[in-house]
Amino acid sequence: MKKSKFVIPAAMLLLAGVYIGTRQAGAGTSSHRLEYAMRCKNFVRRVNRRDYAACLSSMSGELRETMNEDRLRRIFDPILDELGDFRYFRSFSLRHREAQEAVLPACQLKGEYENGSCEFTILFDPDLKISGLHVK
C-alpha cells in the first residue's frame, strides 16, 4: 500500500519531465528535429564534396536567384581548402527564428575537420528548402 503512494506520483512526474523535455521552445517533435538534422547534414556533405549543383537544388527559389555554382565555389572553396578533410559532425541544434512574416527553423551544425571546426547555420522555409546560410 505504501509503495503505490510513491509509485504513481513518481511515474506522473517522470512522464511530465519527458513531455517537457521533448517540447523545447518550439523545437517541434523529434521527427521534425530528425528531418532538419538530416537535411542539414546532407547539405554539408554536398558542400564537402563540392557538389554545388546539388547544393543549389536544396535552396529556396529566392536564395537560388542570388546564388549560382560559381558564387558557391568562391565562397566555399577557400574555406574547405583551409579546413582540410572532413572528419565528423560534432553537434546539432534546432531553434526557431522570427522572420518578417513567419517563424523559420534555424539549425546549427558543427563539423570537425582536419585543421579545425566549422559551424553552419542554416535557415529553412516552410517548404523545407534552405532560405539562409551562414558559415563561421
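Residues numbered from 1 in each chain as written. Predicted model: local features only at pLDDT ≥ 70, side-chain atom pairs only at ≥ 80, totals over all residues. Heavy atoms only, no water.

A. Structural detail: the overall build of the chain. Per the secondary structure count, the chain includes five helices and four strands. Along the chain, helices and strands appear, N-terminal first, in the series α-α-α-α-α-β-β-β-β. Here the chain, with 136 residues, has 32% of them falling under the buried criterion. Partitioning the contacts of the chain with sequence separation of at least 6, the portion at a separation of at least 24 is 45%. (Helix = DSSP H or I, 4+ residues; strand = E, 2+ residues; numbered from the N terminus. Buried < 20%, exposed > 50% of the residue type's maximum accessible area, 1.4 Å probe, protein only. Contact = heavy atoms within 4.5 Å.)

B. Structural view of helix α2 (residues 30-49). In this model α2 runs 28 Å from its N-terminal to its C-terminal C-alpha over 20 residues, within 8% of the 28 Å that 1.5 Å per residue would give. Along α2, the positions that sit buried rather than exposed are Y36, A37, C40, F43, V44 and V47. One face of α2 carries all of its buried residues, which in axial projection span an arc of 130 degrees. Those residues of α2 that are exposed and aimed more than 90 degrees away from the buried face are S30, L34 and R49. R50 sits one or two residues past α2 and shows a positive phi near 60 degrees. (Expected span 1.5 Å × (residues − 1). Arc of directions from axis to C-beta.)

C. Just the confidence of the model for the chain, in detail. Looking at the chain, the pLDDT average stands at 83 and 74% of residues meet or exceed 70. Counting contacts from residues 22-27, a segment whose pLDDT is below 50, to residues more than four positions away or on other chains yields six contacts. (pLDDT = per-residue confidence, 0-100.)

D. Examining the packing of aromatic side chains more closely. What the rule picks out here adds up to four aromatic pairs. Ring geometry for Y36 versus F124: centroids 5.2 Å apart, planes at 50 degrees, classification tilted. Placement of Y36 in helix α2 and of F124 in strand β3 (residues 116-124) is noted, with a sequence separation of 88 residues between them. Ring centres 5.2 Å apart and planes at 75 degrees place the aromatic pair F86 and Y113 in the edge-to-face group. Taken together, the residues span a long stretch of sequence, with F86 in strand β1 (residues 86-98) and Y113 in strand β2 (residues 103-113) at a distance of 27 residues. (Phe/Tyr/Trp six-rings, centres within 6.5 Å; stacked < 30°, edge-to-face > 60°.)

E. Local environment of the environment of S93. Considering the arrangement of structural elements, one finds S93 in strand β1. Taking the relative accessible area as the measure of exposure, S93 reaches 19% and is therefore buried. Placed 14 residues apart in sequence, S93 and C107 show a C-alpha to C-alpha distance of 5.7 Å. Within polar-contact distance, the side chain of S93 engages the side chain of R95 at 3.2 Å. (Polar contact = N/O pair within 3.5 Å; in protein donor to acceptor, adjacent residues only side chain to side chain.)

F. Structural detail: the pattern of salt bridges. Inspection of the entire model under this criterion finds eight salt bridges. Residues R50 and D81 are paired through a salt bridge, measuring 2.9 Å at the closest nitrogen-oxygen approach. Linking R50 in the loop between α2 and α3 (52-57) with D81 in helix α5 (residues 69-83), this pair joins segments that are 31 residues apart in sequence. Across the salt bridge formed by E114 and R87, the nearest N and O atoms sit 3.9 Å from each other. Of this pair, E114 sits in the loop between β2 and β3 while R87 sits in strand β1, and the two are 27 residues apart along the sequence. Taking relative accessible area as the criterion, E114 reaches 42% and is therefore assigned partly exposed. Judged by its relative accessible area of 48%, R87 is partly exposed. When salt bridges with common partners are traced through the structure, they connect R50, D77 and D81 into a single cluster. (Salt bridge = Lys/Arg side-chain N within 4 Å of Asp/Glu carboxyl O.)

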